[in-house]
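Per-entry structural report
Listed here are the chains, written in short residue letters.
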Amino acid sequence: MSQLPILVRRELWEHRGVFLILPAIITAVFISLLLLLLVAASSNGMDISVDAEYESGSETREFTIQDSSLMDVFGVQLSQLAQMPAEVREARLNQLFSGVSVLWFGILWVVIFFYLLGSLYDDRRDRSILFWKSMPVSDTLTVVSKLAAGLLLAPLIYLGFVVFAHLAIAIIATIAASGQDVSMWDTLWVSANFFSRWIWFLVFFAFTIFWCLPFFGWVLLVSSWAKSAPLAWVIGVPVVLMLLEATLFNSNFLTGFVKQHSLSIDFWGHGSAVLGNFRLPEAIELASSLVVGMLFLGLAVWQRGKADEI
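Quantities reported herein were computed from a predicted structural model and do not represent experimental measurements. (Residues numbered from 1 in each chain as written. Predicted model: local features only at pLDDT ≥ 70, side-chain atom pairs only at ≥ 80, totals over all residues. Heavy atoms only, no water.)

1. Some words on the overall build of the protein
Counting secondary structure elements, the protein contains 14 helices and two strands. When the 310 residues of the protein are sorted by exposure, 42% land in the buried category. Sequence-distant contacts in the protein: of pairs separated by 6 or more residues, those separated by 24 or more amount to 77%. With the model as given, the accessible surface of the protein reaches about 16500 Å², and the carbon-plus-sulfur share is 68%. (Helix = DSSP H or I, 4+ residues; strand = E, 2+ residues; numbered from the N terminus. Buried < 20%, exposed > 50% of the residue type's maximum accessible area, 1.4 Å probe, protein only. Contact = heavy atoms within 4.5 Å. Areas by Shrake-Rupley, 256 points an atom, 1.4 Å probe, with all protein chains shown as cover.)

2. A short note on the environment of Lys-146
Relative to the helices and strands, Lys-146 is located in helix H7 (residues 139–176). When the C-alpha positions of Lys-146 and Leu-7 are compared, they lie 8.1 Å apart, and in sequence the two are 139 residues distant. Once residues within four sequence positions are removed from consideration, Lys-146 is found in contact with Arg-10, Glu-11, Tyr-115, Leu-116, Ser-119, Leu-120 and Asp-123.

3. A few points about the nonpolar core
Among the nonpolar cores identified, the biggest contains 64 residues, and Phe-19, Trp-104, Ile-112, Leu-116, Phe-216 and Leu-220 are the most heavily contacted of them. Secondary-structure elements contributing two or more residues to this core are helix H1 (4–14), helix H2 (16–43), helix H4 (86–119), H7, helix H8 (184–190), helix H9 (194–211), helix H10 (213–225) and helix H14 (280–306). Here the element with the most residues in this core is H7; it accounts for 17 residues. (Core = buried A, V, L, I, M, F, W, Y, C linked by side-chain atoms within 4.5 Å.)

4. What about the side chain of Ser-223?
Its location among the elements puts Ser-223 in helix H10. The exposure class assigned to Ser-223 is buried, which follows from its relative accessible area of 0%. Engagement of the side chain of Ser-223 in a polar contact is seen with the backbone nitrogen of Leu-120, the distance being 2.9 Å. For Ser-223, the side chain forms a polar contact with the main-chain nitrogen of Tyr-121, separated by 2.8 Å. In contact with Ser-223, not counting residues within four places along its chain, are Leu-116, Leu-117, Gly-118, Ser-119, Leu-120, Tyr-121 and Arg-124. (Polar contact = N/O pair within 3.5 Å; in protein donor to acceptor, adjacent residues only side chain to side chain.)

5. What to know about a nonpolar patch on the surface
Taken together, the side chains of Leu-20, Ile-21, Ile-25, Val-29, Leu-33 and Leu-36 present a nonpolar region at the surface, about 560 Å² in accessible area. With respect to the secondary-structure elements, Leu-20 resides in helix H2. The class for Leu-20 is partly exposed, based on a relative accessible area of 35%. (Patch = residues over 30% accessible without salt bridge, like charges linked within 9 Å, V, L, I, M, F, W, Y side chains within 5 Å. Salt bridge = Lys/Arg side-chain N within 4 Å of Asp/Glu carboxyl O.)

6. Some thoughts on the pattern of salt bridges
Any two side chains of opposite charge can pair, on the condition that their charged atoms come close. Here the structure, examined in full by the defined rule, presents seven salt bridges. In this structure, the salt-bridge partner of Arg-10 is Glu-11, at a minimum N-O distance of 3.4 Å. Residue classification places Glu-11 among the buried residues on the basis of a relative accessible area of 0%.

7. Remarks on the packing of H1 against H7
Between H1 and H7, whose axes approach to 9 Å, the crossing angle comes to 60°. Considering their axes alone, H1 and H7 lie oblique with respect to each other. For the pair H1 and H7, the crossing hand works out as right-handed. Across the interface between the two elements, Leu-4, Leu-7, Val-8, Arg-10, Glu-11 and Leu-12 from H1 touch Leu-141, Val-144, Ser-145, Lys-146, Ala-148, Ala-149, Leu-153 and Ile-157 from H7. Grouping the amino acids of the contact of H1 with H7 by side-chain chemistry returns ten nonpolar, one polar and three charged. (Axes fitted to C-alpha atoms, helices over the stretch in contact; angles between N-to-C directions. Parallel < 35°, antiparallel > 145°, perpendicular 65-115°, else oblique. Left-handed = near helix turned anticlockwise from the far one by under 90°. Nonpolar A, V, L, I, M, F, W, Y, C, P; charged D, E, K, R; others polar.)

8. Quick word on the confidence of the model for the protein
Close inspection of predicted coordinates is inappropriate for parts of the model with low pLDDT. Residues with a pLDDT of 70 or more make up 78% of the protein, whose mean pLDDT is 80. The weakest mean pLDDT in the protein belongs to strand E2 (residues 59–65) at 44; the strongest belongs to H10 at 94. Throughout residues 45–73 the model reports pLDDT below 50, and contacts reaching past four residues in sequence, or to other chains, amount to 60 contacts. (pLDDT = per-residue confidence, 0-100.)

9. Notes on the environment of Val-137
If you trace the backbone, Val-137 turns up in the loop between helix H6 (129–133) and H7. Along the sequence, Val-137 and Leu-4 sit 133 residues apart, while their C-alpha atoms lie 9.5 Å from each other.

10. Topic: the side chain of Arg-197
Mapped onto the elements of the fold, Arg-197 is located in helix H9. Under the relative-accessibility criterion, Arg-197 is labelled buried at 15%. Setting aside residues no more than four positions away along its own chain, Arg-197 makes contact with Leu-93, Asn-94, Phe-97, Ser-98, His-166 and Ala-192.

This is the structure:
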């Protein structure tokens, strides 16, 4: 196990472009655009119309600002937030910061998928597998290191950039509204629940690793034995099996399992429901995903031991 950190570091060195440089570029561009918008609004007036309303009990309050600079719009929006009930204010901020996070996390899913897909395939294609098989490193540790790099290291790195982006937004908003009579600490910093938001992501992604282990294991298995076009195999085999199941047995069990345990839109809603209301059926479903995922990973390790260059 002392070799595992070195092997994971090797994965970071070889894929630092998608693990480090890509999220750094996205973060830099995003923050630069915010700063440019702030500077432009500070030096030039901008004609902006903002209409917003919310319900507080039986009362509906409405705020309107027209023909003003973006700095004034910041002030009105923050004044509006300050007068909202705490739960409404937190919901609005949750929409804002969750929407910002979608960019990084969407790219993260793509990075994880294609990284795992090529992790064992690329070693055989460029014949570096001959070098690594000459080293005193087991096939099990090799597969585990690639799994750890994709499912632990990459999400932590991307989460770090998301944290940086969230704090940058809060700091920029605080600076922009510095002339307004609004308590930024209570209105924005406390209501945003940054710490609990980031902890929730870690919990949710830990659940994702176990719940979607069949998906990750299948991708690694295909990467370990495909002679060419691993993407076609990853998608094609499940599709063919699902069509055969529907045609021959008039069943959709496999289709439902694939949809629930893959990184799809359906998974997000299902995962939130499981974490919020974990019951025996969900526990059985989670156990089955662990069994299937470990089976695929075991087959990937076995195939890695037999594999040679392509």
